[in-house]
Amino acid sequence: MAESSIEPAHIHAPPEGFIRKYVFSLDHKMIGKQYFGLALVAVFTGMILSWLMRIHMVWPAAKIPGLQFLSSAGAPGGVITPEYYLSLMTMHGTLMVFFVLTNAPFAAFGNFFLPIQIGAEDMAFPRFNMMSFWVTFTAWVVLMLAFFIPDGPPIAGWTSYAPLSAVGKDAGPGMQYGMSLWGLSIAIFCIGSLLGALNFIATTLDLRAKGMTLMRMPICTWAWFITSCIALLAFAVLLPACILLILDRHAGTSFYVPGGLVVSDRVQPHSGGSPLLWQHLFWFFGHPEVYIAILPSMGIISHILINSMRKPLLSSKVVIYSMMSIGFLSYMVWGHHMFLSGMNPMSALAFSFPTLTITIPATVLTLIWLGSLYGSNLQINSASLFALGFISMFVAGGVSGFFLAQPSIDIYLHATYFVVGHFHMVMGVASLFGVFAATYFWFPKMSGRMMNETLGKLHFWITFVGTYCIFMPFHYLGLIGNVRRYQSFVDDFMAPYIGWHKFITICALITGAAQFIFLYNLIHSRFKGKPASDNPWNATTLEWTIPSPPPWNNFGDKHPIVYHDPFQYGVKGSKGDYVMQDSPEQVVPASGD
Amino acid sequence: MSSTIVSTMSSQATALSQPKSAAAPGALLAQRTERYSSSGIWVGVFAITMSFAAFTSALFVREGTADWAHLVLPSILYVNTLVLLASSGTLEMARHRLLSEAEGTRKASAWVLLTLLLGLAFCVGQYRAWLDLRAEGIYLATNPNSSFFYLLTFLHALHVCAGILALVYLAGRLVASHTTFRRSLFLNTAVYWHFMGVLWVYLFLLCRMKL
């Protein structure tokens, strides 16, 4: 019989051997862990780069031992040159945005938990899934190569604005081969992310277990799904942008470089290109990218808060619809990064309006979280603390967005530390708080062991207070007129405010050091942690119905059947106060209660 | 916010209903495979469309600048267009054979092979078009029009090559043994291949009107 010989692609044999199990694994859980590991390496690299930047900013003559071995030209004798400061900044931004904020909340946790939460054996296309990780890994290797070539990393910043990014070595150190590596790396990264997004979408649409209707998916599954839709569109635009950049740099075309452009006293051999074109394409990706970073964290902290409050949110549906509208609106606002780029002023108005509109779903989300927390009996643990921290960061960082969305105010605040503070809080730290929350919450499922709560809480408080100490002063500095991307402030008009910068640097060193508590906790718990039960948080979703860590095929030979909405907490009459999604117990909301 | 458990009896009223016929597990899995691989191909088509939309918008932005020239397209492109459209037709013939006749696999594989040949012919034709332009001294970096022409046609040809690989695999499966042949493989290859045709017609019109 024809059908019986069909072997569905998503059911693969149990992995055998080291290579199949840990390296070229088809198992979505191992791939998720690989993404997590890559993000972990990238985040610590990025953090150390930010330390170097902060130190250089306030003590430009400081000798950093050993740095001269990384770049003899960029840091002669261990003293960072102004150009090398820009290299460090570029690499910090690129690593953090692409390899941390895209990989950790979305690719890492999404890969591990999305298939389990919908009751699937694996992703729809395990081979694509494996490829997407290894392509992303290649992108990381290519990017990191820039540190080890004589040219050094590029100095164009993570946005790599044309035309300087497109003209080669005349634009400064690192702009010849370093910049080429950057363009290549990001192009490769786009391919990996597209493969990943395709997989997420097909899996969510078609591999849901029996009874798992779309509205019965947990909120974080929804967040990953919406994120994958955003990522599919965004990276499909960044890839062409990078291809055009590579062609301008290496094939002599003129997509971005205008005619008669003089860089370093040399007329560039290009004609008629449009520098604004890069900005349009880049920000058409770049703004949705912000939501690629934050939406998964929104879903994750909703999921964790519900579990810690032991009751559902005021409305899960509204949360899902709000996330959808944020995703939709994220495509109509890219021009708000370009208010001062020479666009038609009318278009600034046209971009300002949807930007302010986006605050509506964002506010709705915040109100739902806060309204649900009000009067709830929240269990405080590392995961729920970081979830609360997320809300705090999201609000504190989001409020400054109101100011930046106004073209007239943005004329003053554009390219100042106000902007830097804004996006670090709302996109960077908030999203990372989601990742921390997810790690503390799901680590028992991923490794079969509990993380240390005391260390977790210590990590939270230092990070929480430290983040505010670092990024709140950024806003005030920005209002004073502190321009971003300047290498140091000791001998210019910012000299009177150098004390602020010193304070920030010290806070950054302390907060960064606290991340090693997290790293220690992670590694120590992995081997020595208390063994975790299958469902240590008394949670309801499908990942808690299977052993910790899950077997290679997730549900064994069973096919889970789903009977309930994802968050049946505070249920009377059951054994606990909750009913799991695959439990056949029937739950009817009590009327008038 | 609280709810009450009224019974422990299983109630599947809102669960997905079991397929009507008591299908064998293999058939059920095959159905699912077909569905998700179909979603996958459509999502892929969507992503490729988005990329070419980005290139199109780049073309529109670039069009307004001073050095915009005019490009006379090589006439072989008309032939190539017909060849690619014909290949969609032959692939549909293969589908017709597969669906209608009990012993249609052999005939279907002939049509798939013909599609494959036409696809290769298209690529050779595109290569010929590039050579024609080069003979006129028009290279990638000559002017923005030629840049866009080489870029769009090359990227399209690259995607067609991916389609050709799929066709090779499909033809191999059809010729070797029809028992392990997956219907979804054929359907998805067909979606992708027709999309290549549609995309080419769009790109050709774009080049014809704008370059």
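Note: the structure precedes this text.
Residues numbered from 1 in each chain as written. Chains lettered and ligands numbered in written order. Predicted model: local features only at pLDDT ≥ 70, side-chain atom pairs only at ≥ 80, totals over all residues.

*Asks:* Talk me through the overall build of chain B; I want residue IDs and the actual numbers.
*Replies:* What chain B contains, in helices and strands, is 5 helices and 1 strand. Of the regular secondary structure in chain B, the N- to C-terminal order runs β-α-α-α-α-α. Within chain B, the fraction of its 211 residues that count as buried is 36%. Here the contacts in chain B between residues at least 6 apart in sequence split such that 79% fall between residues at least 24 apart. (Helix = DSSP H or I, 4+ residues; strand = E, 2+ residues; numbered from the N terminus. Buried ≥ 20, exposed ≤ 12 C-beta atoms within 10 Å, placed from the backbone. Contact = placed C-beta atoms within 7 Å.)

*Asks:* Account for the overall build of chain A, with residues named and values stated.
*Replies:* Counting secondary structure elements, chain A contains 15 helices and 6 strands. Computed over its C-alpha atoms, the radius of gyration of chain A comes to 24 Å, within 12% of the 25 Å expected for a compact globule of 593 residues. Taken along its principal axes, the extent of the C-alpha atoms in chain A is 75 × 60 × 50 Å. Within chain A, the fraction of its 593 residues that count as buried is 58%. Look at the contacts in chain A between residues 6 or more apart in sequence, and 79% of them connect residues 24 or more apart. (Rg over C-alpha atoms; globule rule 2.2 N^0.38 Å.)

*Asks:* Report on the environment of Ala166 of chain B, specifying residues and quantitative values.
*Replies:* Residues and elements named next belong to chain B. Checked against the element boundaries, Ala166 lands in helix α4 (residues 144-176). For Ala166, a count of 20 C-beta atoms within 10 Å corresponds to the buried category. It is 29 Å that separates the C-alpha atoms of Ala166 and Ser147, two residues lying 19 residues apart in sequence. If we ignore the near neighbours within four places in the chain, the residues touching Ala166 are Thr189 and Tyr192.

*Asks:* Run through the nonpolar core, naming residues and quoting values.
*Replies:* Among the nonpolar cores identified, the biggest contains 210 residues, and Leu232 and Ala437 of chain A are the most heavily contacted of them. No other element matches the 24 residues that helix α7 (residues 219-250) of chain A contributes to this core. Sequence-distant contacts of Leu232 of chain A, defined by excluding residues within four places in its chain, comprise Leu194, Ala197, Leu198 and Ile201 of chain A together with Val43, Phe46 and Ala47 of chain B. Val112, Ala171, Leu174 and Phe195 of chain B belong to the second-largest nonpolar core, a separate cluster that totals 28 residues. (Core = buried A, V, L, I, M, F, W, Y, C linked by C-beta atoms within 7 Å.)

*Asks:* I'd like a description of unusual backbone geometry, backed by residues and values.
*Replies:* Residues and elements named next belong to chain A. With omega at 5 degrees, the peptide bond leading from Ala162 into Pro163 counts as cis. Position of Pro163 relative to the elements: it lies in the loop between α5 (126-145) and α6 (177-206). Of note, the amide linkage connecting Ser548 to Pro549 takes the cis form, showing an omega dihedral of -10 degrees. Within the secondary structure layout, Pro549 lies in the loop between α15 (498-528) and β3 (568-569). The phi angle at Ala415 is positive, at roughly 55 degrees, despite the residue not being glycine. Positive phi is not limited to glycine here, since Arg485 has a value of about 70 degrees. Checked against the element boundaries, Arg485 lands in the loop between α14 (453-480) and α15.

*Asks:* Just give me the short version of α14 of chain A, but keep the residues and values in it.
*Replies:* With 28 residues, α14 of chain A ought to run about 40 Å at 1.5 Å a step, and its terminal C-alpha atoms sit 41 Å apart, in line with that. Following α14 of chain A by one or two positions, Gly481 of chain A has its phi on the positive side, about 115 degrees. (Expected span 1.5 Å × (residues − 1).)

*Asks:* For α15 of chain A, give the residues involved together with the corresponding values.
*Replies:* Compared with the 45 Å implied by 1.5 Å per residue over 31 residues, the 45 Å span of α15 of chain A between its first and last C-alpha is a close match. Buried residues of α15 of chain A: His501, Ile504, Thr505, Cys507, Ala508, Thr511, Phe518, Asn521 and Ser525 of chain A, and no others.

*Asks:* How would you summarise the packing of helix α11 (residues 382-404) of chain A against α14 of chain A if you had to cite specific residues and measurements?
*Replies:* Residue and element names in this part refer to chain A. Between α11 and α14, the least distance of the axes is 10 Å, while the angle of their chain directions is 5 degrees. By the angle between their directions, the pair α11 and α14 is classed as roughly parallel. Of α14, the residues touching α11 (which contributes Ser382, Leu385, Phe386, Gly389, Met393 and Ser400) are Glu453, Gly456, Lys457, Phe460, Phe464, Thr467 and His475. Taken together, the residues of the contact of α11 with α14 break down into 5 nonpolar, 6 polar and 2 charged. (Axes fitted to C-alpha atoms, helices over the stretch in contact; angles between N-to-C directions. Parallel < 35°, antiparallel > 145°, perpendicular 65-115°, else oblique. Nonpolar A, V, L, I, M, F, W, Y, C, P; charged D, E, K, R; others polar.)

*Asks:* Got a sec to walk through the packing of α11 of chain A against helix α13 (residues 417-447) of chain A? Specific residues and values, please.
*Replies:* Packed helix pairs are specified by the crossing angle of their axes together with the interaxial distance, meaning the distance between the axes. Residues and elements named next belong to chain A. Following both chains from N to C, one finds α11 and α13 inclined at 160 degrees, their axes separated by 8 Å at the closest point. As summarised for this structure, α11 and α13 are arranged roughly antiparallel, according to the angle between their axes. You can see that α11 and α13 cross each other, and the crossing is left-handed. Its residues assigned to classes, the contact of α11 with α13 shows 19 nonpolar, 9 polar and no charged. (Left-handed = near helix turned anticlockwise from the far one by under 90°.)

*Asks:* Give a detailed account of the environment of Ser408 of chain A, specifying residues and quantitative values.
*Replies:* Looking at the secondary structure, you find Ser408 of chain A in helix α12 (residues 407-413). Each C-alpha atom of the pair Ser408 of chain A and Leu349 of chain A lies 9.7 Å from the other, and the pair is 59 residues apart in sequence.

*Asks:* I'd like to hear about the environment of Phe386 of chain A, residue by residue, with values.
*Replies:* Residue and element names in this part refer to chain A. For Phe386, the location among the structural elements is in helix α11. What makes Phe386 buried here is the crowd of 30 C-beta atoms within 10 Å. Separated by 73 residues in the primary sequence, Phe386 and His459 have C-alpha atoms spaced 9.7 Å apart. In this view, Phe386 contacts Phe433, Phe436, Ala437, Tyr440 and Phe460; residues no more than four positions away in its chain are not counted.

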